[in-house]
Amino acid sequence: MDFPVDLLVNALVSGLLLGGFYAAVTIGVSISFGMLDIVNIAHPAFIILGSYIAYIANSVLGLDPILASILVLPGFYLLGMAIYHIYDVSFERRGDTSIRGLAFFFGLLFIAEVTLVLVFGVDYRLVEARYLGTTLHFGFIDLPMRLVVPFLVSIIMLVGLQLFMARTFIGRAIQAVAQDPLALRLMAANPSQIKRIAFGMSIATASIAGAILIIIQPVEPSIGREYIGRVFAICVMGGLGSFPGMLAAAVLLGVVESITSTFYGPSWSPAVAFGFLLLTLAVRPSGIFGRA
Amino acid sequence: MSDPILTVSGLGKRFGGFVALADIELQVERGERLGLIGPNGSGKSTLVNCLCGTLRNETGSVAFDGRKLDGLPAYRRIRLGMARSFQLPRPFASLTLAENLRVPILYATGGQGRGMAVERRCESLLEMVSLAEKAQKLPGDLTQIEMRKLELARAMASEPRLLIADEAMAGLSPGEVDDILALLIRLNEQGVTIIMIEHIMRAVLAFSQRLVVLVAGRKIADGDPQDVVRQPDVVEAYLGS
Amino acid sequence: MRNWTFVSVLIVVAFATFFGTRLVGNSYAFFAGYVVLQYIVLATAWNILGGYTGYVNFGTAAFFALGAYSTVVLHKTVPELPLPLMIAVGGIVSGAVGIGTGYLTLRLRGTFFSIATLAMAVVMQTLVTNWSFVGGARGVYVIRPDESPIFDGDYIEYLFLVMLALSVIAVAVARAIEHSRLGYGFAAIRDDELAAEASGVPTLRLKLIATALSGGFMGMAGAPLPYYVTYLDPSSGFSLTYAVNTIAMPLIGGTSMWLGPVLGAVLLGTLQQAATVTISSALSLLIVGVLLVVFVIAAPKGIIGWFRR
């Protein structure tokens, strides 16, 4: 029998590249949920927002989408800080994070999606850039640049954040606030302020993730919902608060989705992530790669 | 020699690499007043959690009234007659004081509890801790000591035969300590076995018939309170080296 | 007010509503009223698990659409089955799925449960989209009978009456739970699950009961939908609108008692029906989203909270 090896290998490679991208999408939630214990299910909405901003910059100003996302990074950071402030004052301080906090982010997700529909309509949008049409070929392996470039950007972002978390004072303070807010206070750092910075960073990553998303695929407002499941599935599988675990889970998800899509058709791929999530929650909630 | 109400054999608990409890052996006689002391972090609350089923111990076993508790979830252990009060009071914030007591009455005691009988029981429990006038208030309106009393009343609402009072007196004034002490002694006189976990030495010594000392997850002393406090390793654990 | 007195009052109000709507003389009143009643059931159902027990369900669409699609299956296999029986089946199927999901996820923290409900909604939608028997992505047409089977009138009036009955049942159940032994167990779980367990409450079992009740009622609310819309496809059946409305209505109305979801459903439901005809449906949805966020920040106890002071 002629087993389609080249199809399989290409699916694996695309899955790997896709997985790197998924890690970039998830890193923001890894910070907000994994370290700050804030269930920001609206994160994909910020990513889609980033995609649309990249789209405007690209179609109106002719800017490269990734460049555009870096330019608006400070804006996203400030937005993140503002949202954390509202969340902190309204919910965290009142000790009412569960129902109302979740509903708050759900409301934001919804508002973002409906506003985008009102402004841009439901058509798919995409970006143009010179390098996007090319594909590198190695034997029967195809490496489309529209997957390679996002993968590289993701890796750079991940490595950068990992170094920041491990080497800088603020980075280590962020890791500390997750584990022991009291000790942090004793070290003359204000937990609220640290959390605000961290959440700001989390939203800032959405800016870049949005730009590379629209490079990989055309975007329309409701796409965010598919990513909620992927993002949280990766967080849970990878073990909360662990970047390397998250990357491994992201790659695993990317590969499985890619193979499912190649052999069974793309209409099944949203279910893969969610299926993974339900399974992980049921069987090993601390994550496949996480600390036990 | 009556059979003990609680038997703990070889109990151990780890959190990842950290050993919180190792090889704990303990027997508590019916109607006894047992004091449990130890420095911060010695594992006292972990032990309580393992006894009550909030945490699962990896090794060893616990037997209550001759019956093995291994694997039994917390809510079943309560129904067998074991109750605990929390170190930091955990009231049901949206329910009134009377309703707070309703929950264990409805769920932890045998009876279905219809109407008037439940109301009367709530009232008498609140009277026992002198909170009867505040029956319709919310826990948010209470002072620290009133919350502690509510916590104890709620533990008593399940009609336990063994009550574990986890640092019920922490942070209270001397007069308030005496109040709680009197309450616990009264309960014991009604036949309830009590394990008191405390840091306030005069209360522990006044209350306990027997004293157990826990240091770094291990039991290092078990006997007459006056003898135990004079043991060199106990003195060292408290005063440091 | 004792439970049976309350139910009697509800039934009287229901009949008054029905005959009042007939007096309007325009069948649009029944169409619009059906939607509001549907939301009363959905909001009340959500609140049993959300407001009473403290577990947020984002996957309303899954249970709701499950009810709708179970009717589609029944309609294709045993179309003579009376609607109330189809509703019962829808409720049982949804309730069972609720218990299943609950068993997988309710042993974890509340936030994981909420995420899992979102996940389940998408999985369910994907499954239905790939199932050609119920039309798959293309959707399915269901023929609405012309006349009501039990009285002299249009079928839409019958649907309205059925949904009215379902609302009465849902609200009656919710109120009966409130001061019952079950209700106190729910409240204890919501306020402090650890302390509840330590007070003898079998938390997992009660959470499963709440999930079954909540999911079951949502499924029953969805069961008549195919006859109402006559064309059903996954994207409309699983629409996010249901999820947002179902959460917004109790949170805006107030989660502490049965009246909150009813208030929220009537107010928001009527608002949306009016807005859809006057402005646009997308804009009216935006208003719901904004109201949800505003209320959650500024008025956590909902409309009921304004009056309870």
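Everything numeric in this text was worked out from a predicted model, so none of it was measured. (Residues numbered from 1 in each chain as written. Chains lettered and ligands numbered in written order. Predicted model: local features only at pLDDT ≥ 70, side-chain atom pairs only at ≥ 80, totals over all residues.)

Structural notes on the interface of chain C and chain B
Part 1 of the reasoning: Tallying the contact residues gives 17 residues for chain C and 22 residues for chain B.
Part 2 of the reasoning: For the side of chain C that touches chain B, the secondary-structure elements that each account for two or more residues are α7 (181-191) and α8 (193-198) of chain C.
Part 3 of the reasoning: The greatest single-element share of the side of chain C that touches chain B, amounting to 6 residues, is contributed by α7 of chain C.
Part 4 of the reasoning: When grouped by side-chain class, the residues that make up the side of chain C that touches chain B number 9 nonpolar, 4 polar and 4 charged. (Contact = placed C-beta atoms within 7 Å. Helix = DSSP H or I, 4+ residues; strand = E, 2+ residues; numbered from the N terminus. Nonpolar A, V, L, I, M, F, W, Y, C, P; charged D, E, K, R; others polar.)

Quick word on the sheet that holds strand β3 (residues 33-37) of chain B
All names here are of chain B.
Part 1 of the reasoning: The strand order across the open sheet built from 6 strands is β6-β7-β8-β3-β9-β10, with neighbouring strands paired in mixed fashion. The sheet is open, and its two borders are formed by β6 (82-85) and β10 (218-223), each paired with just one other strand. Going across the sheet, the axis of each strand differs from the next one's by a mean of 15°, ignoring polarity.
Part 2 of the reasoning: Relative to strand β7 (residues 162-166), helix α1 (residues 44-52) is tilted by about 150°, and along the sheet it contacts β3, β6, β7, β8 (193-197) and β9 (210-215).
Part 3 of the reasoning: Packed onto the sheet, helix α5 (residues 144-157) meets β6 and β7 and runs at close to 170° relative to β6. (Pairing = 2+ DSSP bridges. Axes fitted to C-alpha atoms, helices over the stretch in contact; angles between N-to-C directions.)

Overview of the sheet that holds strand β4 (residues 59-64) of chain B
Hydrogen bonds between backbone atoms are what pair the strands of a sheet, whose relative direction is either parallel or antiparallel.
Residue and element names in this part refer to chain B.
Part 1 of the reasoning: Within the open sheet, the 4 strands sit side by side as β2-β1-β4-β5. Their pairing is antiparallel. Whereas interior strands pair on both sides, the edge strands pair on one side only; in this sheet they are β2 (18-28) and β5 (67-68).
Part 2 of the reasoning: By the bridge criterion, 2 bridges tie β4 to β5 in an arrangement that is antiparallel. Residue alanine 63 lies in a different strand from β5, and its bridge partner there is lysine 68.
Part 3 of the reasoning: Sitting on the sheet, α1 touches β1 (6-15), β2 and β4, and the angle it makes with β2 is about 65°.

Quick word on the packing of helix α1 (residues 5-35) of chain A against helix α10 (residues 224-238) of chain A
Residues and elements named next belong to chain A.
Part 1 of the reasoning: Running from N to C, α1 and α10 cross one another at 65°; their axes reach a closest spacing of 9 Å. Taken together, α1 and α10 sit at an angle that is classed as roughly perpendicular. Between α1 and α10 lies a crossing of right-handed hand. The segment α1 lies against α10, with Tyr22, Val25, Thr26, Val29, Ser30, Phe33 and Gly34 engaging Tyr227, Arg230, Val231, Phe232, Ile234 and Cys235.
Part 2 of the reasoning: Broken down by class, the residue content of the contact of α1 with α10 amounts to 9 nonpolar, 3 polar and 1 charged. (Parallel < 35°, antiparallel > 145°, perpendicular 65-115°, else oblique. Left-handed = near helix turned anticlockwise from the far one by under 90°.)

Observations concerning the environment of histidine 75 of chain C
Residue and element names in this part refer to chain C.
Part 1 of the reasoning: Relative to the helices and strands, histidine 75 is located in helix α3 (residues 60-77).
Part 2 of the reasoning: The spacing of histidine 75 and proline 226 is 151 residues in sequence and 9.3 Å in space, taken between C-alpha atoms.
Part 3 of the reasoning: Setting aside its immediate chain neighbours within four residues, histidine 75 contacts Val142 and Pro226.

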